[in-house]
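Chain and residue survey
In case you want the letters, here they are:
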Amino acid sequence: MFRVFLLLSLAMFFTGSAALLPANAQTRLVKTKPTVASMAAGETVLFDDKSCPAGMIAQYTKSQRKEEIGKKCVHLNGTR
């Protein structure tokens, strides 16, 4: 009985922590330049605006609390 309780507790802990992650935690590639109105708070998207060096792409992230977008160049394969 204790073993079943322990397994259920662990399962709830691990699935509960995954549920706390924002639904938009994944970065997606978009075809049009992102604007403040087109993005949700905390959302991150990739857009090739041709301003980054070869092998890199622009990553736009909308601020959680302000109506502004940050931009940085990231490697295409996700590593630095």
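Let me sum up the structure you'll find in this document. What you see is a predicted model, and the numbers here were worked out from it, not measured in a lab. (Residues numbered from 1 in each chain as written. Predicted model: local features only at pLDDT ≥ 70, side-chain atom pairs only at ≥ 80, totals over all residues. Heavy atoms only, no water.)

**Here's the deal with the environment of Lys71**
Filter applied, for reference: What counts as a helix is a DSSP run of H or I of at least four residues, what counts as a strand is a run of E of at least two, and both are numbered from the N terminus. Using a 1.4 Å probe on the protein chains alone, a residue whose accessible area is under 20% of its type maximum counts as buried, one over 50% counts as exposed, and one in between counts as partly exposed. Contacts are assigned to residue pairs with any non-hydrogen atoms lying within 4.5 Å of each other. Side-chain atoms alone can form a polar contact between residues adjacent in sequence; in general such a contact is a pair of N or O atoms within 3.5 Å, and within protein one must be able to donate a hydrogen while the other accepts it.
Relative to the helices and strands, Lys71 is located in strand 4 (residues 69-75). Residue Lys71 is classed as partly exposed on the basis of its relative accessible area of 43%. A C-alpha to C-alpha distance of 6.5 Å links Lys71 and Thr61, two positions 10 residues apart in sequence. Beyond its immediate stretch of four places on either side in the chain, Lys71 contacts Asp49, Ser51, Ala58, Gln59 and Tyr60. A polar contact of 3.0 Å, which involves the side chain of Lys71, links it to the side chain of Asp49. A distance of 2.7 Å separates the side chain of Lys71 from the side chain of Ser51, its partner in a polar contact.

Nothing here speaks to function; it is geometry throughout.
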